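What the coordinates show
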Amino acid sequence: MFSSSKLVDAVVRKLLAPIEQGLWPAGQMLPGQRELAEQMEVSRPSLREAITILETLGVVRSLPGKGVMVLERQGAALPEVQAPPSATTADVLELRYALEPFIAGLVAQSLDGAELSQLRLLLLDMREAIEDGDMRALASAYTSFHRKLVALSSNPIFLSVAKQIGGALEQSDQLIRHNPDYAEDILQEHEAILRAIRRQDSEQASQAMRQHILNEGTRLNINLRVPQA
């Protein structure tokens, strides 16, 4: 749903090529993520983000405890569609404010243990990236966390909207990469979201996501237009 770097885009294409060529047919499991990351010489957060993109495109499915399975193709996977040129970062943040809190609350109501583990793993990626001072890896883990929430909603309309605005948050991505002072705040906000989801507290999960997006606006010097309570 959110901005992905050129590196992640390249990983998506590298993964998609053997699938389209039939080297990884429908029903086959992809190699393990550690092996794939080493082969492609990319970080595991970047690989996970690429896999999540393919998941939202309906190309693969993550099976907890088993790996990533190639799905039967329903037609060629399309590249993500950019938001209209006139759309600003503020426009996209307003859409996120309208959509993501609802998704977070929805996921909190229906998430199972295996899916929760996937989100915890992405949060761990964020922690490790901060400890390593790797802002690129932090940006990838951040993006993948939000993509995963959309994927877990299992709502095809949400996925469609997510693909439509796929590359529109480059400013947020650059903010994370070039402003390490915000890293701990970003991590804490996502920890709050995950805590609420883990407790199956739908209202609090929505509120934590809403506050995160407002904070994103503040970090980008954007005063979001939101309905007054």
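Each residue is numbered by its place in its chain's sequence as written, counting from 1. Where local features are concerned, this predicted model is filtered to residues with pLDDT of at least 70; where side-chain atom pairs are given and counted, the filter is 80 or more; whole-chain, interface and lining totals use all residues. Only hydrogens and water are set aside when side-chain values are computed; all heavy atoms of the structure are taken into account.

The next point concerns the environment of Leu-7. You can see Leu-7 is positioned in helix H1 (residues 6-20). Each residue is placed in one exposure class: buried if its accessible area under a 1.4 Å probe, protein chains only, is under 20% of its type's maximum, exposed if it is over 50%, and partly exposed if it falls in between. Assessed through its relative accessible area of 31%, Leu-7 is described here as partly exposed. Taking the C-alpha atoms as reference, Leu-7 lies 9.7 Å from Ser-140; in sequence the two are 133 residues apart. Any two residues having at least one pair of non-hydrogen atoms within 4.5 Å are treated as being in contact. Contact partners of Leu-7, with chain neighbours within four places excluded, come to Val-42, Ser-46 and Arg-136. In this description a helix means any DSSP run of H or I spanning at least four residues, a strand means any run of E spanning at least two, and both kinds are numbered starting from the N terminus.

Let us look at a negative patch on the surface. Exposure above 30% relative accessible area and no salt bridge define the residues that can form patches, which grow by joining like charges within 9 Å and nonpolar side chains of Val, Leu, Ile, Met, Phe, Trp and Tyr within 5 Å. Note on areas: Shrake-Rupley, 1.4 Å probe, and residue coverage restricted to the protein chains presented here. In what follows, salt bridge is the name for a side-chain nitrogen of Lys or Arg lying within 4 Å of a carboxyl oxygen of Asp or Glu. As used throughout, the charge tally considers Lys and Arg to be positive and Asp and Glu to be negative, leaving His and the chain termini uncounted. Just so you know, the charge point we use is NZ for Lys, CZ for Arg, CG for Asp and CD for Glu. A cluster of acidic side chains, namely Glu-128, Glu-131, Asp-132, Asp-134, Glu-184 and Asp-185, defines a negative patch on the protein surface. Of all the elements in the fold, those that place two or more residues in the negative patch are helix H5 (113-132) and helix H9 (183-198). With three residues, the top contributor of residues to the negative patch is H5.

All right, on to a positive patch on the surface then. On the surface, a cluster of positive charge is made up of Arg-120, Arg-195, Arg-198 and Arg-199. Checked against the element boundaries, Arg-120 lands in helix H5. Residue classification places Arg-120 among the partly exposed positions, given a relative accessible area of 40%.

Let us look at the nonpolar core. By convention a nonpolar core is built from buried Ala, Val, Leu, Ile, Met, Phe, Trp, Tyr and Cys residues, the set being connected through side-chain atoms within 4.5 Å. Membership of the largest hydrophobic core comes to 42 residues, with the highest contact counts inside it found for Leu-119, Met-126, Leu-138, Leu-149 and Ile-197. Sorting the residues of this core by element identifies helix H4 (89-110), H5, helix H6 (135-153), helix H7 (156-164), H9 and helix H10 (202-219) as the ones contributing at least two each. For this core, the leading source of residues is H6, giving ten residues. Not counting residues up to four positions away in its chain, the partners in contact with Leu-149 are Ile-103, Val-107, Leu-119, Ile-197 and Met-209. The next biggest cluster of nonpolar side chains, apart from the first, holds 22 residues, and it includes Val-8, Val-11, Leu-30 and Leu-54.

What follows covers the pattern of salt bridges. Tallied over the full model, the rule gives seven salt bridges. Among the ionic pairs, Asp-125 bridges to Arg-48, the shortest N-O distance being 2.3 Å. With Asp-125 in helix H5 and Arg-48 in helix H3 (residues 44-56), this pair connects stretches of sequence that are 77 residues apart. Residue Glu-191 is joined to Arg-127 by a salt bridge in which the shortest nitrogen-to-oxygen separation is 3.2 Å. Separated by 64 residues along the polypeptide, Glu-191 in helix H9 and Arg-127 in helix H5 bring together distant segments of the chain. One connected set of salt bridges, linked through shared partners, spans Glu-189, Glu-216 and Arg-219.

On to the environment of Glu-216, then. Along the polypeptide, Glu-216 turns up in helix H10. Counting along the chain gives 34 residues from Glu-216 to Tyr-182, while the straight-line C-alpha distance between them is 9.9 Å.

Now for H5. Its 20 residues place the ends of H5 28 Å apart at the C-alpha level, agreeing with the 28 Å of an ideal helix rising 1.5 Å per residue. Buried within H5 are the following residues: Leu-116, Gln-118, Leu-119, Leu-122, Leu-123, Asp-125, Met-126, Ala-129 and Ile-130. Down the axis of H5, the buried set is contained in an arc of 165°. They therefore lie on one face. Residues of H5 that are exposed and angled more than 90 degrees away from the buried face: Glu-131 and Asp-132. Check the buried side of H5 and you find it contacts H3, strand E1 (60-63), H6 and H9. Under the rule applied, a polar contact is a pair of N or O atoms within 3.5 Å (in protein, one hydrogen donor and one hydrogen acceptor; residues adjacent in sequence only if both atoms are side-chain atoms). In this structure Asp-112 caps H5, since a side-chain oxygen of it lies 3.2 Å from the backbone nitrogen of Ala-114. Looking one or two residues past H5, Gly-133 carries a phi angle of roughly 70°, positive in sign. For a helix, the expected span equals 1.5 Å multiplied by the residue count minus one. What the arc describes is the spread of directions from the helix axis to the C-beta atoms.

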